[in-house]
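Per-entry structural report
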Amino acid sequence: MNNDIDTWHRFAALLPEPDAQDVADCWQIGEQEAGLRVLVSGLLTHQIPISETVRAQLSVLAEIWGEREVLTPDLLRCPGDGRPAPVALTDRPWEPGEDSPAEPVLVPWITCTTCGQLLLRAHLLDAGQSLSHVAEYYAIASPGGATVLHTFPAYTDEPFDPDDPTDPAGTAFAALLNGCAEPAGSH
């Protein structure tokens, strides 16, 4: 998913003015985090229905900008448009269990509604058994998450470039969208 000005303007256009301009202005001044908050807040305030795909795309942008944790509850409260979509934001919160702090915990994030494959975030556990703020990597798994099919490394030591459309979260999301393994006999 491209993290570019066209994407931001497309999402801003979901809102009435002047909220739409506020979101666009946030991009122009380099305040993408604030722009995402204005966008999601505006969607809720105006009760604007969004597709499940848009909800998932906004979650990916929020992940890229470090706002996913803060914005997910509000994204999930945004009204849906009721139409079928190829993906859906998964509302399964992670709960502490027998996970080892040394191994990343795979947390369901986005589901392909056609084939059931999952986009997962891999997080380490801190000393208090809470998930790390930043994902270690992203993975696509078989339906139910039993088998990891592909992994996408998280950030390297390279500085974050917000204009780079190859962000790991965006790349993993695009792979989920483009690599759907439709169940046999579905068409």
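Report follows, based on the coordinates. (Residues numbered from 1 in each chain as written. Predicted model: local features only at pLDDT ≥ 70, side-chain atom pairs only at ≥ 80, totals over all residues. Heavy atoms only, no water.)

**Some details on the pattern of salt bridges**
If you walk through the whole model with that rule in mind, you get five salt bridges. When the shortest N-O distance is used, the salt bridge between Arg37 and Glu67 registers 2.6 Å. Note that Arg37 is positioned in helix H3 (residues 32-45) and Glu67 in the loop between helix H4 (52-64) and helix H5 (68-77), a separation of 30 residues in sequence. A relative accessible area of 8% places Glu67 in the buried class. (Salt bridge = Lys/Arg side-chain N within 4 Å of Asp/Glu carboxyl O. Helix = DSSP H or I, 4+ residues; strand = E, 2+ residues; numbered from the N terminus. Buried < 20%, exposed > 50% of the residue type's maximum accessible area, 1.4 Å probe, protein only.)

**Here we look at the nonpolar core**
Formed by 40 residues in total, the largest nonpolar core has its most connected members in Leu43, Trp109, Ile110, Leu119 and Tyr138. Element by element, the count of residues in this core is highest for H4, at seven residues. Dropping the residues within four chain positions of it, Trp109 is found in contact with Ser59, Val60, Glu63, Arg68, Ala88, Leu89, Thr90, Leu119, Leu120, Arg121, Tyr138 and Ala169. (Core = buried A, V, L, I, M, F, W, Y, C linked by side-chain atoms within 4.5 Å. Contact = heavy atoms within 4.5 Å.)

**As for the packing of helix H1 (residues 5-12) against H4**
Between H1 and H4, whose axes approach to 12 Å, the crossing angle comes to 130°. Our classification of the angle between H1 and H4 gives oblique. Where H1 crosses over H4, the two elements pack in a sense that is left-handed. Between H1, through Thr7, Arg10 and Phe11, and H4, the contact on the second element is made entirely by Val54, Gln57, Leu58 and Leu61. Of the residues in the contact of H1 with H4, the class split is four nonpolar, two polar and one charged. (Axes fitted to C-alpha atoms, helices over the stretch in contact; angles between N-to-C directions. Parallel < 35°, antiparallel > 145°, perpendicular 65-115°, else oblique. Left-handed = near helix turned anticlockwise from the far one by under 90°. Nonpolar A, V, L, I, M, F, W, Y, C, P; charged D, E, K, R; others polar.)

**Quick word on the sheet that holds strand S1 (residues 87-89)**
On the basis of which strands lie adjacent, the open sheet formed by five strands has the order S1-S2-S3-S4-S5 and antiparallel pairing. Among the strands making up the open sheet, the edge pair consists of S1 and strand S5 (148-153). Within the sheet, the average angular offset between the axes of one strand and its neighbour, ignoring direction, is 30°. Relative to S5, strand S4 (residues 137-141) is paired through five bridges, and the arrangement is antiparallel. Following the sheet pairing, Ala141 is matched in S5 by Val148. The strands touched by H4 within the sheet are S1, strand S2 (105-112), strand S3 (118-123) and S4, with S1 carrying the most contacts at an inclination of about 55°. (Pairing = 2+ DSSP bridges.)

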